[in-house]
Amino acid sequence: MTERVTVQVWLKEAVLDPQGQAVQKALTREGLPGVKSVRQGKAFFIEFEDESGKSQEDLNQLIEKLARDLLSNPVIEDFQVIWPSEPDARVIDYLEGDA
Amino acid sequence: MVTFPGSLDDVDAARAVSKAGGEPVSLWHDDADIKAVDAVILPGGFSFGDYLRAGAIASLSPVVETVVKEAAAGLPVLGICNGFQILCEVGLLPGALTRNAGLRFVCRDQRLRVEDVNSPWLRNYYVGQELVIPVKNGEGCYQISKDELSELERSGMVFLRYIEENPNGSLADVAGVRNAQGNVLGLMPHPEHAIDVLTGPSTDGLGFFSSIVDSLVKAG
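In what follows, the accompanying structure is described. Please read all numbers here as calculations on a predicted model, not as lab measurements. (Residues numbered from 1 in each chain as written. Chains lettered and ligands numbered in written order. Predicted model: local features only at pLDDT ≥ 70, side-chain atom pairs only at ≥ 80, totals over all residues.)

**A short note on the overall build of chain A**
Secondary structure summary: chain A contains 3 helices and 3 strands in total. Reading the helices (α) and strands (β) of chain A from amino to carboxyl end gives β-α-β-α-β-α. In chain A, which comprises 99 residues, the proportion classed as buried is 8%. For chain A, the share of sequence-separated contacts (at least 6 apart) that also reach a separation of at least 24 residues comes to 67%. (Helix = DSSP H or I, 4+ residues; strand = E, 2+ residues; numbered from the N terminus. Buried ≥ 20, exposed ≤ 12 C-beta atoms within 10 Å, placed from the backbone. Contact = placed C-beta atoms within 7 Å.)

This is the structure in structure tokens:
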């Protein structure tokens, strides 16, 4: 079975996000009223087929470790793991259309 | 001198080592063997395209694994620009480097002040010395928690600071930090581009390379 994990990563509240600020200005300029804050982050959509026989507990720990140590940098970033994850239909369309 | 895919300034840094009287040895990112060198320089550039985060993928390479082990045993390590980012990613130096506050890639001659010289890479400088060395980076904004920053300041680990103008929004104008022992040093400016008045704004950068050569000769 294909496992789908989404990992979202964004800068911690205390860390300056100049890209988010630039996007905030653009959103305001394009007419979105009262934009208070924009934080720009990134998302990883991971698919894998597990035939290793690892326990769910081990996989959970491994994915959390990879999200914390590789996909994000704990000095400056926070992350969220969403698993199991069903990317919404538009995301799937985009990915399939892209291939 | 380590070369990663995307390293740019390895040749300049090797030239700086030669000019300071040392013998540069090429190391390859995918080879854990560091050929019994006396010191390691991680040069500037955009290793692995800066994908994921600047320095993040390089920090997982076999050569860096060896460097981390040897650094704990006292091997002198200098990270310049992308090399500094790698040292932060791998945890040899505290903090992290994020996108410049102005969102622009900054490339110019930068005034700096030496704040601490407790390192084999700094013996030919003095505290309070002012330098002019080029900076060129897109992600040079030094970030760290307030508590950790005050600890760094207290222990003299912020060895280099931007003066007059902060090019990238770094906290407390931090341009370079060292580890507690002083053998591991990282900085965003490029001393290897300031070793010859023909090609650089000054020869102020040569001191990093002559310092390590002098330190090793004295020790050896």
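Additional details are given in the paragraphs that follow.
**What about the sheet that holds strand S2 (residues 41–49) of chain A?**
Residue and element names in this part refer to chain A. Across the sheet, 3 strands lie side by side as S2-S1-S3; this open sheet has antiparallel pairing. Either end of the sheet is taken by a strand with one partner, and the two such strands are S2 and strand S3 (77–82). Sheet twist, expressed as the mean angle between neighbouring strand axes with direction ignored, is 20°. Examined bridge by bridge, strand S1 (residues 2–11) and S2 share 9 bridges and lie antiparallel to one another. Considered in S2, the bridge of Thr6 is made with Phe45. Relative to S3, helix H2 (residues 56–71) is tilted by about 150°, and along the sheet it contacts S1, S2 and S3. (Pairing = 2+ DSSP bridges. Axes fitted to C-alpha atoms, helices over the stretch in contact; angles between N-to-C directions.)

**Remarks on helix H5 (residues 206–219) of chain B**
Residue and element names in this part refer to chain B. Its 14 residues place the ends of H5 20 Å apart at the C-alpha level, agreeing with the 20 Å of an ideal helix rising 1.5 Å per residue. The complete set of buried residues in H5 reads Gly207, Phe208, Phe209, Ser210, Ser211, Ile212, Val213 and Ser215. Those residues of H5 that are buried are in contact with helix H1 (10–19) and strand S4 (77–80). (Expected span 1.5 Å × (residues − 1).)

**Describing the interface of chain B and chain A**
Of the residues lining the interface, 12 residues belong to chain B; the matching set on chain A comes to 8 residues. Put simply, the parts of the chain that give the side of chain B that touches chain A at least two residues each are strand S5 (96–98) and strand S8 (141–143) of chain B. By residue class, the composition of the side of chain B that touches chain A is 5 nonpolar, 4 polar and 3 charged. (Nonpolar A, V, L, I, M, F, W, Y, C, P; charged D, E, K, R; others polar.)

**Notes on the pairing of S1(A)**
In this structure, S1(A) lies alongside S3(A), joined through 6 bridges in antiparallel fashion. Within S3(A), the position partnered with A:Gln8 by the bridge is A:Gln80.

**So, the environment of B:Ile144**
Residue position: B:Ile144 is located in the loop between S8 and helix H4 (146–154). When the C-alpha positions of B:Ile144 and B:Ser170 are compared, they lie 9.5 Å apart, and in sequence the two are 26 residues distant. Not counting the four nearest positions on each side in its chain, B:Ile144 is found in contact with A:Val75, B:Pro94, B:Gly95, B:Leu149 and B:Leu171.

**Quick notes on the sheet that holds strand S7 (residues 130–137) of chain B**
Residues and elements named next belong to chain B. Pairing within the open sheet is mixed, and its 7 strands lie in the order S3-S4-S11-S10-S9-S6-S7. The sheet is open, and its two borders are formed by strand S3 (40–42) and S7, each paired with just one other strand. Neighbour to neighbour, the strand axes of the sheet diverge by 20° on average, direction disregarded. Here 3 bridges tie S3 to S4, and the two strands are oriented parallel to one another. Each residue of the ladder has a partner; that of Ile41, found in S4, is Leu78.

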